[in-house]
Structure formats: structure tokens, C-alpha cells
Amino acid sequence: MLLAIAAVALLAGLSYTGLWLWQRAPVAELSRVDALEHVRVEGPFRAVSQREVEEILLPFLQRGFFSLDIAAIREVLLQHPWIVGASVSRRWPRGVEVQVEEARPLAVWGKDKLLVASGELLPRPPGMHTGRLPELAGDEELVERIMSQYRALAGLLTTREMEVKRLSFDDLAGWDLELVSGMELRLGHDELLERVNRFLSLGRGVLAPHLGKIARVDTRYSNAVAVRFREQKTEAKKPKAGE
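Since the structure is predicted, the reported quantities are computational estimates derived from the model, not experimental observations. (Residues numbered from 1 in each chain as written. Predicted model: local features only at pLDDT ≥ 70, side-chain atom pairs only at ≥ 80, totals over all residues. Heavy atoms only, no water.)

1. A word on helix H4 (residues 143–156)
Here H4 contains 14 residues, and its C-alpha end-to-end distance of 20 Å stays within 8% of the 20 Å for a straight helix at 1.5 Å per residue. Those residues of H4 lying buried are Val143, Ile146, Met147, Tyr150 and Leu153. Looking straight down H4, one finds that the buried residues subtend no more than 130° of arc, so they occupy a single side. Along H4, the residues that are exposed and aim more than 90 degrees away from the buried face are Glu144 and Gly155. (Helix = DSSP H or I, 4+ residues; strand = E, 2+ residues; numbered from the N terminus. Expected span 1.5 Å × (residues − 1). Buried < 20%, exposed > 50% of the residue type's maximum accessible area, 1.4 Å probe, protein only. Arc of directions from axis to C-beta.)

Below is the structure:
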């Protein structure tokens, strides 16, 4: 019973965050045949808050059902950096329905930006949970190159422990890759996929029994890798009685 109640409460919460029902019709306006009474707004509301959408719509909602400027509403919605799609339609007899589509975040970029699937860097919405999104870092002028390398590496590193946690590029050090397991890979400047493939081959072979103990792998050699193991913590000996 408790599980059923919790499930219902969860569904109700999800519906509340994804749906806004606007009911505002001054008495003086109700005499108008085309006065708006209901506005339904649907969206994921992850990067764009319900309040932001409400503030965008309110200036337009003073107009009547037939005089509502659908194109203008959509144009203003699309000016929001996180809104990539918007549909606005009338719902007879006195309603309007608005659906917004948000940009899909691909990775965290620094402390205050997110990289979206289109390749743009957008301001990170306050309070937005990024979950398991990887972190990318480097010169913003190289964002397309870094995103391309991340996608290529993510296609190779598909198991949970081998997923990309952080990928960074520096002109001097080259590419550095951190996996979800905490292992770090030094990849240098060139031949990233070949070097990662070499590491994966070793990881399925001689390194397989030791993967959980490896802290860093340097793949910048032509036909070898250098492995650094994690420091093993030693437990302090308990003093014997009388010592």
C-alpha cells in the first residue's frame, strides 16, 4: 500500500512539473466572445523553468482567442537560448496550447556552461542537475573538435567502468581522458583512437587482472604503454596489550 501511494505521489509530482494550466479571465473580459480562459503549457522544464515560460506568455494572453498572435509567441519563445522548438495552437473554444522543446545537454563545460547536442555552449541553468554528464574542458574555440573527439571515444568506451568521465585538451600536454572508474589516460596529441584501442587490447589481456589497481596509463609511446598503479593503503598495526 505504501509503495502504491508513493508511486501515485511521484506521478502527481511529475505531472505538476510538466504542465501549467493558466486560468485568468477578469470579469470585465468574460463578456468578450473570444476571451482566453485556459492556457496549457507542456515541456520538460529541466533547463527552462515554468516561471520563465509564464513570463514570456503573459503579455500575449491579454488578447482574445482569434486575435492571439501565434507566430509572435513562437518567435519570442525561440529567442530563449535553451528553447530549440516551440509549437503554439488554439484550442476551441477559449484555450491555447503551448509545447516547448529544450536543447539536449551533452556535457558539462567548466563551472557555468553546458555543451548541447548542436555544438553550442549555453549558460548552465541554476539548480539544474547534470547527473552523469561527462565533463569536457579546453579552449572554447576548439569546442567542435573536442566534442568530435568525445563522441569518437564514447563510441569505443561503452562499458560502465570505461565510460568517459572527463576529456580535456591542452596545447602542451595534449589530450587527457578520465574514466568513470577513476583511471586516467594520457593520450598525447595524435592518433587518439589507435592509442585507446591499444589500451583496450591490453585491458582485455595482460592488464585485465590489474585494472582496478591502475591509476594512470600513458599511451604516448609508439608501441607500448606506461602504467602507474594506485598507492596501496596499509592498515596501522594495533598495539598489543601492555604496549
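2. Looking at unusual backbone geometry
Of note, the amide linkage connecting Trp92 to Pro93 takes the cis form, showing an omega dihedral of 10°. Here Pro93 shows up in the loop between strand S3 (83–91) and strand S4 (95–102). Phi is positive for Phe45, close to 55°, though the residue is something other than glycine. Along the chain, Phe45 turns up in the loop between strand S2 (38–42) and helix H2 (50–57). Judged by its relative accessible area of 15%, Phe45 falls in the buried class. Positive phi values are uncommon outside glycine, yet Glu191 reaches one of about 55°. With respect to the element layout, Glu191 can be found in the loop between strand S11 (184–188) and helix H5 (192–203). Among the residues examined, Glu191 registers a relative accessible area of 52% and is labelled exposed.

3. So, the side chain of Asp176
As for its position among the elements, Asp176 is in strand S10 (residues 174–179). Among residues more than four places away in sequence, those in contact with Asp176 are Arg166, Leu167, Ser168, Glu184, Leu185 and Arg186. (Contact = heavy atoms within 4.5 Å.)

4. Observations regarding the sheet that holds strand S8 (residues 135–137)
Where strands meet in a sheet, backbone hydrogen bonds hold them as pairs that are either parallel or antiparallel. Strand order in the open sheet formed by 9 strands is S7-S6-S5-S8-S9-S10-S11-S12-S13, with mixed pairing between adjacent strands. Each having just a single partner strand, strand S7 (121–123) and strand S13 (226–229) make up the two edges of the open sheet. Between one strand axis and the next, the sheet turns by 25° as a mean value, whatever way the strands run. As judged from the 4 bridges shared by strand S12 (residues 214–218) and S13, these two strands associate in the antiparallel manner. Each bridged residue has a counterpart across the sheet, and for Ile214 the counterpart in S13 is Phe229. With respect to the sheet, H4 is in contact with strand S5 (105–109), strand S6 (113–116), S7, S8, strand S9 (164–170), S10 and S11, its orientation differing from that of S9 by roughly 140°. In this fold H5 packs onto S10, S11 and S12, with an angle of close to 140° to the strand it touches most, S11. (Pairing = 2+ DSSP bridges. Axes fitted to C-alpha atoms, helices over the stretch in contact; angles between N-to-C directions.)

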